[in-house]
Amino acid sequence: KRRMEGTKSERDQAECERACARQAWRQSDPGVGDAFASSRARHVAYLERGLAGLGPSYVSLDASRPWLCYWILHSLHFFVEEPSALTVSSCVETLRRCQNGGGGFGGGPSQVSHCAPTYAAVLALCLLGGQEVIDREALYLWFLSVKDASGGFRLHVDGEVDVRGTYTVVAVAALLRMLTPALTHKAADFVLSCQTYEGGFGGEPGNEAHGGYTFCAVAALLVLGRAKDADLTALERWLCRRQLAVEGGFQGRTNKLVDGCYSFWQGGCVALVEMAQAQEEQTTTTGAHQHQQQRRHDHEEEGDAALPPPDLPPSPSSGDLPCDPVALQRYILL
Amino acid sequence: RGGLSSRMSTVDLFGDVEGIPQDDGPSPVCAIAYPEEYRSLMDIFRAVVLREEKSSRVLDLTAEILEWNAAHYTVWYYRRRVMEAMDDVEIYRTELDYAAMVASQNPKNYQVWYHRRAVLEKLDAAGDELDFVAEMLESDAKNYHAWSHRLWVVQTFGCDLEKELAYCDALLDDDSHNNSAWNHRYNVIQLRRKGDNEGDNEGAADEVEYAVGRIYGGGGGLRNESPWTYALAFAKKSKAARDRLDEVCDAILADAPEGTDALLEPADKQCARMTKLELEARADTADSNDRAAACADKLANEEDKFRRRYWLRRAHRLRNKARHLRNQPPLDFPGFPDPPPMPWAPPGVFPFGLPPGMTPEPPPTYVHPSEPPTPDDIRDNL
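Residues numbered from 1 in each chain as written. Chains lettered and ligands numbered in written order. Predicted model: local features only at pLDDT ≥ 70, side-chain atom pairs only at ≥ 80, totals over all residues. Heavy atoms only, no water.

(A) Examining the interface of chain B and chain A more closely. Each partner contributes residues to the interface: chain B has 93 residues there, and chain A has 101 residues. Summing both sides of the interface, chain B and chain A together bury roughly 8400 Å²; the carbon and sulfur share of this comes to 54%. Its largest share of buried area at the contact with chain A, chain B owes to Cys30, Tyr73 and Tyr144 of chain B, together 10% of the area lost on that side. In this structure, the connection of chain B to chain A is made through 62 residue pairs in polar contact (both at pLDDT 80 or more). Of the residues in the side of chain B that touches chain A, the class split is 48 nonpolar, 23 polar and 22 charged. (Contact = heavy atoms within 4.5 Å. Buried area = accessible area lost by both parts, 1.4 Å probe. Polar contact = N/O pair within 3.5 Å; in protein donor to acceptor, adjacent residues only side chain to side chain. Nonpolar A, V, L, I, M, F, W, Y, C, P; charged D, E, K, R; others polar.)

Right, dumping it as structure tokens:
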């Protein structure tokens, strides 16, 4: 048909669809035996090898070692693999050396603090039970130092401002019981201003709706209790349209190709939107009063008193999601 | 390599400096097997930072390290501190050339784009920045950082907005599916309207017409979501815009698209149906919500079957809105339909257990196709 012609976007899309259709066909062939059988043992071995050490090509991730740690530990957690006591202490010691005296964590020892490795390091330490390593007081002061006039946060001192900064900071601050009005001041407003006419969120106001930033935005809004102030109808429609029929996976933006990472950013966000809708219902039943309280907190300039932890609805099961979780599973395993 | 010293002599340049090894602890996890050169350079860098040296040889050092790892944000950060200390406007000017080289090798790197912003802020002038971004977009017309930077330049330094619209237009001529170009056009139109003191919405109908032109422009226009979402945004802003979009939807849904006798498939009506749904939902009367729900049913059952779960629940919610407007109580959502039956998969493929409906053995009736299904086959059989 006319699939062979068309714009570059259409040609790329057609090629991706053919590749996915072919792989799905191969995997459902009874004749291939165990050729495509992924095995838990192989995944776990891969992860443990990563923890033990990485090759020279990983030099390009030298500023992301807490991430490597977190991704591996989090994955092992899902495989219900308890790390040994030795692994736990090695991880904790490695992460400790990424922490800076002025608060926050860098991507490695002697690297300046950055919101992303801070998020990764804190979550990894929580998984390991090593959270006493975290210098909470210094971290709080460092968070204040990257607070931007827009309400968002810079990713590091003299660094870029985008919704990743807002999410990583408010998530960590909430987890460590140090989310204060000083931190939340205008934060939700900044995030809300990143929702585009398409319904998703961009990295900065006006930027194209994108899966990674949308996850950060919606998660941040949930923590801040302000998800109901987004246009959830437009968001939900945009999200569900991003899952593609032939591939089963999610694209990150309209008219771009699917990618495995968006299984998390977009697919995960579908679950977050369910929670946001439930949070909206909670407000309706308990009254606009609490919502007003929340907004007042957000606008107080001063205030170092920690806010109560966010009231999050339970996360939905995959059977309760408006996207197609089974098609997504199949895509992930292609 | 931007006229910088060669690799070997950078280490020699710092012969007077004793490197500081990385303090990774006795048993680090995720330790990277650093190439020896990188390790030496980083040892020197740590020493340089400790003694707070901010000289021109440190610029060479940082450039060297960034060639190994352009994402080393600490090194970018320190490079800027050195530039600040040297306080020479020429250094900032040549920095744009340096950053251009790094960006062309690492177009998806965050740090180099932020570095450009920092340099431009110091220079307080946009220079040839829009040309630079256009060059980057030639290699990848959807580069997110490039578009974000372009928007920042336009907002910070201003520009000829008509030229900017013409630029988007040219990109859309190349590829009408370039959603980034549509998004940028939206921003430029908003900026242009800010220039008018009135909140005049006359431009909104023009923008709908522009999008309609791309929808009918040939090829896969009807199925291209970008112009539809764009038009829907402007349909909010004036009655004329809304009415025109409504008219276009109705024509396509009645199998009478303008200016063409093409026979339409259900997939061709998908976007028009979605758009009609939103227009009816926005009208927010009892009847319009019911009509919107009918659109959702069509999408669920015929035109966008893959997303039937979403459309069925949307239909349900729209009907409840209609009921609310008629002072009737809402109905409970009956739940999502069961997933469609799937081919089989050996147990190992799904390490956490097979999804519902899938069997570990092929059913007796299963015949494995001799060729992979085409994407259209898959779409037709959803």
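The rest of the description comes next.
(B) Fine view of the packing of aromatic side chains. Counted according to the given criterion, the structure contains 27 aromatic pairs over all chains. On the basis of an interplanar angle of 70° and a centroid distance of 5.2 Å, the ring pair of Phe333 of chain B and Phe336 of chain B is categorised as edge-to-face. Given the relative accessible area of 27%, Phe333 of chain B is considered partly exposed. When its relative accessible area of 16% is taken as the criterion, Phe336 of chain B is described as buried. Members of the aromatic cluster, connected to one another through ring pairs, are Trp67, Tyr70, Trp71, Tyr119, Tyr167, Phe215, Phe264 and Trp265 of chain A. (Phe/Tyr/Trp six-rings, centres within 6.5 Å; stacked < 30°, edge-to-face > 60°. Buried < 20%, exposed > 50% of the residue type's maximum accessible area, 1.4 Å probe, protein only.)

(C) Structural detail: helix H3 (residues 56-68) of chain B. The buried fraction of H3 of chain B amounts to 10 of the 13 residues, a majority that puts the element mostly inside the structure. Turning to H3 of chain B, its buried residues are Arg57, Val58, Leu59, Asp60, Leu61, Thr62, Ala63, Glu64, Ile65 and Leu66 of chain B. (Helix = DSSP H or I, 4+ residues; strand = E, 2+ residues; numbered from the N terminus.)

(D) Geometry of the side chain of His115 of chain B. All names here are of chain B. Tracing the sequence through the fold places His115 in helix H6 (residues 110-123). Since its relative accessible area comes to 0%, His115 is described here as buried. At a separation of 2.9 Å, a polar atom in the side chain of His115 contacts the side chain of Arg80. Excluding residues within four positions of it along the chain, His115 makes contact with Trp76, Arg79, Arg80, Met83, Glu95 and Ala99.

(E) Structural detail: the pattern of salt bridges. Scanning the model with the defined rule gives 56 salt bridges over all chains in all. For Glu208 of chain A, the salt bridge identified is with Arg253 of chain A, shortest N-O distance 2.9 Å. Taken together, the positions of Glu208 of chain A in the loop between helix H9 (187-192) and helix H10 (211-224) and Arg253 of chain A in the loop between helix H11 (232-241) and helix H12 (261-286) put the pair 45 residues apart, joining distant regions of the chain. Since its relative accessible area comes to 5%, Glu208 of chain A is described here as buried. Here Arg314 of chain B makes a salt bridge to Glu278 of chain B, at a shortest N to O gap of 2.8 Å. Of the two residues, Arg314 of chain B sits in helix H16 (residues 308-325) while Glu278 of chain B sits in helix H14 (residues 266-283), which places them 36 residues apart along the sequence. (Salt bridge = Lys/Arg side-chain N within 4 Å of Asp/Glu carboxyl O.)

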